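Coordinates in review
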Amino acid sequence: MSESPLDEPLKLHHLRPAEGAKKARIRKGRGEASKGKTAGRGTKGTKARSTVPVGFEGGQMPLIRRIPKLKGFSNHLFKVTYQVVNLDKIAELYPDGGEVTAAGLAERGAVRKNHRVKILGTGDISVAVQVNVDAVSNSAREKITAAGGSIAES
């Protein structure tokens, strides 16, 4: 009796991919039958071209030409902005003195919460206040210390 093919051991050269698993690749641009001529890109337009310049943004001013050219460029994403409060407003909000903080000013409606605060020197103050905010102008510093107050910048 001869052995059937199922009785002999499986060998690598016997393996074949499943029927329909292997498809021939599409050969674009090879004649006018399928995917020929324009190779599936349609006609005309930027996407039909073979090369588009690096950094080309469809006619919009490119990024490399939008940013400033000379030294001294400061990125506005990192700009520090303050909510300003003048001394006359502080004198109005704290008539008996006390500690002036960003949170306290926000509670009293002078500034928005969770923003940096700077005290400016417009107006006069006669009561002693302990200021603890992000920044204080020089004129405000002089007037606060002259009134007997103190400043602790954070």
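Residues numbered from 1 in each chain as written. Predicted model: local features only at pLDDT ≥ 70, side-chain atom pairs only at ≥ 80, totals over all residues. Heavy atoms only, no water.

On to the nonpolar core. If you look at the biggest cluster of nonpolar residues, it comprises 18 residues, and the most contacted ones within it are L105, I119 and V131. In terms of residue count, helix α2 (residues 87-93) provides more of this core than any other element does, 3 residues in total. If sequence neighbours within four positions are ignored, I119 has contacts with V85, L87, I90, L105, V131, V133, A135, V136, S137, A140 and I144. (Core = buried A, V, L, I, M, F, W, Y, C linked by side-chain atoms within 4.5 Å. Buried < 20%, exposed > 50% of the residue type's maximum accessible area, 1.4 Å probe, protein only. Helix = DSSP H or I, 4+ residues; strand = E, 2+ residues; numbered from the N terminus. Contact = heavy atoms within 4.5 Å.)

Right, let's talk about the pairing of strand β4 (residues 129-132) for a bit. A regular strand carries its side chains on alternate faces of the sheet. The two faces of β4 differ: V129 and V131 on one face are buried, but Q130 and N132 on the other face are not. Of the strand pairs in this sheet, β4 and strand β6 (residues 150-151) are connected by 2 bridges, and their pairing is parallel. Looking at the pairing, V131 lines up with I151 of β6. (Pairing = 2+ DSSP bridges.)

Strand pairs in the sheet, formed through backbone hydrogen bonds, run parallel or antiparallel to each other. Taken in spatial order, the 3 strands of this open sheet run β2-β4-β6, and their pairing is parallel. With partners counted over all chains shown, the strands left at the sheet margins are β2 (98-101) and β6, one partner each. Two strands pair when backbone bridges link them, and β2 and β4 are joined in this way by 4 bridges, in the parallel orientation. Counted as the bridge partner of T101 is N132 from β4.

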